[in-house]
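Working through the structure, step by step
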Amino acid sequence: MSTLTDLRPADAPQARFTDLVAAEWIKLRSLRSIPWFLLAAGLTLVGLNANGARLSRAEFGSWTAQQQQYYAEFGALHDAFTRPCGTLVLLLMGSLGAIAILSEQTTGLLRTTFAAAPARREVLAAKVLLVTAVATGFGVLVASVSFWLDEAMLAGRYGGVSIGDPGALRLVAASALLAPLGALVGLAVGAVIRHSVTAMVALFGLLFLIPMFVRDTTHLGAVVAHAQPFNAWARLGLVGEITGQPFPSSVGGAWAVYLVWAAVAVLLVMTAVPGRDQ
């Protein structure tokens, strides 16, 4: 394997970790599409969530008293971050994570980076940290704005909830953390596959198609279904006991899914890239 360490002067100082993080930030923001991508993604997600609240508000008067009571107890919270937006967050942030490494692998910039900073795992750790930070900031902003805007639209007789109501803070946290989770998965897929189109197809299948086709009517199917990031997020958005499911998931199990997927993604990035020539 060629490391290109001979390109560095013998007396060159070792790059500090903060320098590596700063370099990763420069490389990410130098991609001119990234700011526009984040802006468009944020507006789309907030708009879709707000539209769900708007439709519920418009239809509220035509519902029966029982339906209105159910919506005030559960539905208004679900409209704070809708299921389509949960899927979109995973796919959009997964694309961001994949782009963060594919843009370097396909152009050869990653090879140049490793020539300048031979400590490959430190470089990758800086990239993981930066991608996680950017995605987390995006997720917190989108989830917070969506909750505030949607519940303001539903305030009063439409059943709007506050952040202190049961399950509200957990939903906002789960929705915000879904963004860095998707970004880390995308980063791992891009690191392993190294081909833009194939990586995006694999990411789509992993985060969108598999949850669609897995059924939880059997124990094995339920284990696979509950282990999907989207299903874990959906469980964290539920309030109260789950009825009518033979193998229900738990809140603790859903948080564990977040942790395991993130840990496996980081492990793949840290082991797949350093062991091969770039």
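See the structure above.
Structural notes, computed from the coordinates. If you're wondering where the values come from, they're calculated on a predicted model, not measured in any experiment.

The subject of this paragraph is the overall build of the protein chain. The helix and strand tally for the protein chain stands at 11 helices and 0 strands. Starting at the N terminus, the α and β elements of the protein chain follow one another as α-α-α-α-α-α-α-α-α-α-α. Taken across its 278 residues, the protein chain has 44% of its residues classed as buried. Put simply, 81% of the contacts in the protein chain that link residues at least 6 apart link residues at least 24 apart. The protein chain carries 18 positive and 15 negative side-chain charges, and their two centres are separated by 6 Å.

With 75 residues, the main nonpolar core has Met93, Phe138, Trp233 and Tyr258 as its most contacted residues. It is helix H7 (residues 168-193) that contributes the most residues to this core, 15 residues altogether. Aside from chain neighbours lying at most four places away, what touches Tyr258 is Ala174, Leu177, Leu178, Leu181, Pro229, Ala232, Trp233 and Leu236.

Two aromatic rings are characterised by how far apart their centres lie and by the angle between their planes. For the coordinates displayed, the defined rule picks out 7 aromatic pairs. Between Phe81 and Trp233 the ring centres are 6.1 Å apart and the planes differ by 70°, which places this aromatic pair in the edge-to-face class. Here Phe81 is found in the loop between helix H3 (65-78) and helix H4 (83-105), whereas its partner Trp233 is found in helix H10 (residues 229-236), with 152 residues between them in sequence. Here Phe81 matches Trp233 in class, with each residue buried.

It is worth spelling out the side chain of Ser95 at this point. Counting through the fold element by element, Ser95 comes out in helix H4. Once residues within four sequence positions are removed from consideration, Ser95 is found in contact with Phe37, Met200 and Leu203.

The subject of this paragraph is helix H2 (residues 33-59). Taking 1.5 Å per residue, 27 residues should reach 39 Å; H2 reaches 39 Å between its end C-alpha atoms and fits that length. Within H2, the full set of buried residues consists of Ile34, Leu38, Ala41, Gly42, Leu45, Val46, Asn49, Ala50, Gly52, Ala53 and Ser56.

Per the counting criterion, the structure on display carries 5 salt bridges. Among the salt bridges present, the one from Glu24 reaches Lys127, with a minimum N-O distance of 2.6 Å. A residue pair is termed long-range when its members are at least 10 positions apart, and Glu24 in helix H1 (residues 17-29) and Lys127 in helix H6 (residues 120-153) qualify at 103 residues. As far as burial versus exposure is concerned, Glu24 and Lys127 are alike and both buried. One salt bridge in this structure joins Lys27 and Glu104, with 2.8 Å as the shortest N-O distance. In this pair, Lys27 is assigned in helix H1 and Glu104 in helix H4, connecting sequence segments 77 residues apart. The class for Lys27 is buried, based on a relative accessible area of 15%. Overall, Glu104 belongs to the buried group, its relative accessible area being 3%. Several salt bridges share partner residues, and in doing so they unite Glu24, Lys27, Glu104 and Lys127 into one network.

So, on to the packing of H7 against helix H11 (residues 251-272). Interaxial distance between H7 and H11 falls to 8 Å at its minimum, and their mutual angle equals 25°. The orientation of H7 with respect to H11, classified from their angle, is roughly parallel. When the axes of H7 and H11 are compared, the crossing they make is left-handed. Contacts between H7 and H11 involve Arg170, Ala173, Ala174, Leu177, Leu178, Leu181, Leu184, Val185, Leu187, Ala188, Ala191 and Val192 from the first element and Val251, Trp255, Tyr258, Trp261, Ala262, Ala265, Val266, Leu268, Val269 and Ala272 from the second.

Further remarks concern the environment of Ala58. Note on placement: Ala58 falls in helix H2. Expressed as a C-alpha distance, the spacing of Ala58 and Tyr158, which sit 100 residues apart in the sequence, is 9.6 Å.

Now for the packing of H7 against helix H8 (residues 196-213). Across the interface, H7 lies against H8 with an axial gap of 9 Å and an inter-helix angle of 135°. Classified by the angle their axes make, H7 and H8 are oblique. Once H7 is placed against H8, the crossing between them reads as right-handed. In this structure, H7 uses Val185, Gly186, Val189, Gly190 and Ile193 to contact H8, whose residues at the interface are Thr198, Ala199, Ala202, Leu203, Leu206 and Leu207. Here the residues of the contact of H7 with H8 sort into 8 nonpolar, 3 polar and no charged.

Turning to its location among the elements, Ser56 is positioned in helix H2. Beyond its immediate stretch of four places on either side in the chain, Ser56 contacts Trp63, Tyr71 and Asp79.

Once that is clear, we can look at unusual backbone geometry. A positive phi angle is found at Arg194, which is not glycine, with a value near 70°. You can see Arg194 is positioned in the loop between H7 and H8.

Rules behind the numbers
- Residues numbered from 1 in each chain as written.
- Predicted model: local features only at pLDDT ≥ 70, side-chain atom pairs only at ≥ 80, totals over all residues.
- Heavy atoms only, no water.
- Helix = DSSP H or I, 4+ residues; strand = E, 2+ residues; numbered from the N terminus.
- Buried < 20%, exposed > 50% of the residue type's maximum accessible area, 1.4 Å probe, protein only.
- Contact = heavy atoms within 4.5 Å.
- Lys, Arg positive; Asp, Glu negative; His and termini not counted.
- Charge placed at Lys NZ, Arg CZ, Asp CG, Glu CD.
- Core = buried A, V, L, I, M, F, W, Y, C linked by side-chain atoms within 4.5 Å.
- Phe/Tyr/Trp six-rings, centres within 6.5 Å; stacked < 30°, edge-to-face > 60°.
- Expected span 1.5 Å × (residues − 1).
- Salt bridge = Lys/Arg side-chain N within 4 Å of Asp/Glu carboxyl O.
- Axes fitted to C-alpha atoms, helices over the stretch in contact; angles between N-to-C directions.
- Parallel < 35°, antiparallel > 145°, perpendicular 65-115°, else oblique.
- Left-handed = near helix turned anticlockwise from the far one by under 90°.
- Nonpolar A, V, L, I, M, F, W, Y, C, P; charged D, E, K, R; others polar.

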